Amino acid sequence: MESIDVLMLCPMISYLEQELQSRYNVLKLWTAQEKSQFIKDHSATIRAIVGDGGHGADAEMIEALPRLEILSSNSVGVDKIDLEKCREKGIRVTYTPDVLTDEVADLAIGLILAVLRRLCESDRYVRSGKWKKGDFKLTTKFTGKTVGIIGLGRIGMAIAKRAEAFNCPICYYSRTEKPDTKYKYYPSVLELASNCQILVVACSLTAETRHIVNREVMNALGPKGVLINIGRGPHVDEPELVSALVEGRLGGAGLDVYEHEPEVPEELFGLENVVLLPHVGTATVETRKAMADLVVGNLEAHFSNKPLLTPLV
Ligand code: NAP
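Residues numbered from 1 in each chain as written. Predicted model: local features only at pLDDT ≥ 70, side-chain atom pairs only at ≥ 80, totals over all residues. Heavy atoms only, no water.

The next point concerns the UniProt feature "domain: D-isomer specific 2-hydroxyacid dehydrogenase NAD-binding" (unreviewed entry) in the protein chain. UniProt tags residues 109-281 as "domain: D-isomer specific 2-hydroxyacid dehydrogenase NAD-binding" (unreviewed entry). In residues 109-281, helix accounts for 29% and strand for 14%; the two terminal C-alpha atoms are 11 Å from one another. (UniProt positions renumbered as here; feature names shortened; annotations may be inferred. Helix = DSSP H or I, 4+ residues; strand = E, 2+ residues; numbered from the N terminus.)

In structure tokens, the structure reads:
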């Protein structure tokens, strides 16, 4: 049987690399000296791409691979893939929904608690020996605060469920109202931000949701409000976020994602009301393995003419 060439766009957990290598001829793009030349050299044989949330395929890459049949993304966010081009060319796209939902929702709650209860700052307080000189300052309660969610999808809903256990009233903004939930719907992000104390970004990144959290939204959330972003960096106007925090117009922020990862605005480093994570929403051994199994399972299904496990296109 002809071996199948699979283009892998970036390093991923070794389990996934091994599972792919045991089935396919894996071409590792990140090891190439000159990436466009590497793609050209293998363009006649590549039939599949494996990417992730940060590494997708634009129109140019898709056009450069005439035998491409499927793109299996190791993520649920597919904003780095030109989905229209894939549709146009009949290329299948798969992703990893559901298996990561709990993990990202757990982290969102962790970020809320870390910001409000100043967990990172108080950890530094103990380690630096400052506790011996006096008790840590008082912080702010989470239980009972109103949580506003942008994007009541799989992850947004899982965050809502968790926040309910903290007796938090829940409200949301999404493209569509969800009549089967009891959460309050606001028809605009601005109204949502004006009516909640913690605003969580959990929508997908599209042209419409880029900078969905802008200066006006941050001002509406206000000096006691907290912004949590576990969606994608470009959902938030980052220079505006920095000035809102520095000027005290926004109360705090918990961020897992940034506009230009892995670059993080240095102005944030000195702010104790901000908790910064290195895009680790799904980064546990259990969840990354489950995601890897879906990536491989989708490719296996495709190449054995079976229904895809989690098709998007
Ligand atoms: P999902 O179930 O597809 O939910 C996406 C939500 O975004 C839906 O509620 C959708 O609204 C909303 N949305 C889409 N376009 C919108 C718009 N123009 N205005 C307002 N809302 C809009 O996806 P999911 O599984 O929950 O994942 C959500 C996102 O989380 C992913 O796309 C990804 O970017 C991010 N994520 C981040 C991490 C991390 O490591 N930090 C990990 C996984 C995922 P409707 O319900 O009205 O359609």
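Once that is clear, we can look at empty space enclosed by the protein. All chains considered together, the criterion is met by 2 cavities of 30 Å³ or more. Here the largest cavity is characterised by a volume of approximately 40 Å³. Forming the boundary of the largest cavity are A114, V115, R118, L119, C120, E121, R124, E272, N273, V274 and V275. If you list the elements that add at least two residues to the lining of the largest cavity, you get α5 (101-116), α6 (119-127) and β12 (274-276). A per-element tally of the lining of the largest cavity places α6 first, with 4 residues. Looking at the lining of the largest cavity residue by residue, the class counts come to 6 nonpolar, 1 polar and 4 charged. Each pocket or cavity is described by its volume, and for the second largest cavity that value is around 30 Å³. Every residue along the wall of the second largest cavity is listed here: N229, G233, V236, E238, L241, L255, V257, Y258 and E259. (1 Å grid on protein atoms, 1.4 Å probe; cavity = no way out; pocket = protein on both sides within 12 Å on 5 of 7 lines; lining within 4 Å. Points joined across faces, edges and corners; volume = space filled by probe spheres on them. Nonpolar A, V, L, I, M, F, W, Y, C, P; charged D, E, K, R; others polar.)

With that settled, consider the site of the ligand. Around the ligand, the structure places 27 residues, and the nearest of them are R154, I155, R175, T176 and K178. Contact between the ligand and I230: a nitrogen atom at 3.0 Å from a main-chain N or O atom of the residue. In the complex, 90% of the free accessible area of the ligand, which totals 930 Å², lies under the protein chains. Taken together, the residues of the shell around the ligand sort by class into 10 nonpolar, 11 polar and 6 charged. (Near = heavy atom within 4 Å. Polar contact = N/O pair within 3.5 Å; in protein donor to acceptor, adjacent residues only side chain to side chain. Areas by Shrake-Rupley, 256 points an atom, 1.4 Å probe, with all protein chains shown as cover.)

The next subject is the environment of C196. Its place among the elements puts C196 in the loop between α8 (189-194) and β9 (198-201). For C196, a relative accessible area of 7% gives the class buried. When the C-alpha atoms of C196 and A220 are compared, they prove to be 9.3 Å apart, with 24 residues separating the residues in sequence. Other than its neighbours up to four places away in sequence, C196 contacts T146, V147, G148, C171 and L221. (Buried < 20%, exposed > 50% of the residue type's maximum accessible area, 1.4 Å probe, protein only. Contact = heavy atoms within 4.5 Å.)

The next thing to look at is the sheet that holds strand β11 (residues 252-255). One open sheet accounts for 7 strands, arranged β8-β7-β6-β9-β10-β11-β12; its pairing is parallel. On the outer flanks of this sheet lie β8 (184-185) and β12, each paired with one strand and no other. Both strand β10 (residues 226-229) and β11 contribute to a ladder of 4 bridges, which runs parallel. The residue bridging V226 from the neighbouring strand is G252, located in β11. Sheet strands in contact with helix α7 (residues 154-165) are β6 (147-150), β7 (170-173) and β9, and its direction is about 170 degrees off that of β6. (Pairing = 2+ DSSP bridges. Axes fitted to C-alpha atoms, helices over the stretch in contact; angles between N-to-C directions.)

Turning to the UniProt feature "domain: D-isomer specific 2-hydroxyacid dehydrogenase catalytic" (unreviewed entry) in the protein chain, a few remarks are in order. The UniProt record marks residues 16-310 with the feature "domain: D-isomer specific 2-hydroxyacid dehydrogenase catalytic" (unreviewed entry), using the residue numbering of this structure. Annotated as residues 16-310, this span is 35% helix and 15% strand, and its ends, taken at the C-alpha atoms, are 17 Å apart.

Below, the discussion takes up the environment of V246. With respect to the element layout, V246 can be found in helix α10 (residues 238-246). It is 20 Å that separates the C-alpha atoms of V246 and L119, two residues lying 127 residues apart in sequence.

Any two side chains of opposite charge can pair, given that their charged atoms come close. Considering all chains together, one arrives at 20 salt bridges under this definition. It is possible to trace a salt-bridge network through shared partners that takes in E63, K85, E88 and K89. (Salt bridge = Lys/Arg side-chain N within 4 Å of Asp/Glu carboxyl O.)

Right, let's get into the environment of Y185. Inspection of the secondary structure puts Y185 in strand β8. By relative accessible area, which is 19% here, Y185 ends up buried. Linking Y185 and S72, residues 113 residues apart in sequence, is a C-alpha distance of 34 Å. Apart from residues lying up to four places away in sequence, Y185 is in contact with Y172, Y173, S174, R175, T176 and E177. In terms of polar contacts, Y185 uses its side chain to reach the backbone carbonyl oxygen of S174, at 3.3 Å.

Take unusual backbone geometry next. Of the consecutive residues E261 and P262, the connecting peptide bond is found in the cis state with omega at 5 degrees. Within the element layout of this structure, P262 appears in the loop between β11 and β12. The phi dihedral of R118 falls on the positive side, at around 50 degrees, and the residue is not glycine. Within the secondary structure layout, R118 lies in the loop between α5 and α6.

In this section: the sheet that holds strand β3 (residues 46-52). Taken in spatial order, the 5 strands make up an open sheet running β2-β1-β3-β4-β5, and their pairing is parallel. Both outer strands of the open sheet, β2 (25-28) and β5 (92-94), are each paired with one neighbouring strand and no more. Averaged over all pairs of adjacent strands, the angle between their axes in this sheet comes to 20 degrees, without regard to strand direction. Across 5 bridges, the pairing between β3 and strand β4 (residues 70-74) is parallel. For A48, the partnering residue across the bridge sits in β4 and is I70. Of the strands in this sheet, β1 (5-8), β2, β3 and β4 are in contact with helix α1 (residues 14-21), which crosses β2 at around 135 degrees. This element, helix α11 (residues 285-303), spans β3, β4 and β5 of the sheet and lies at about 170 degrees to β4.

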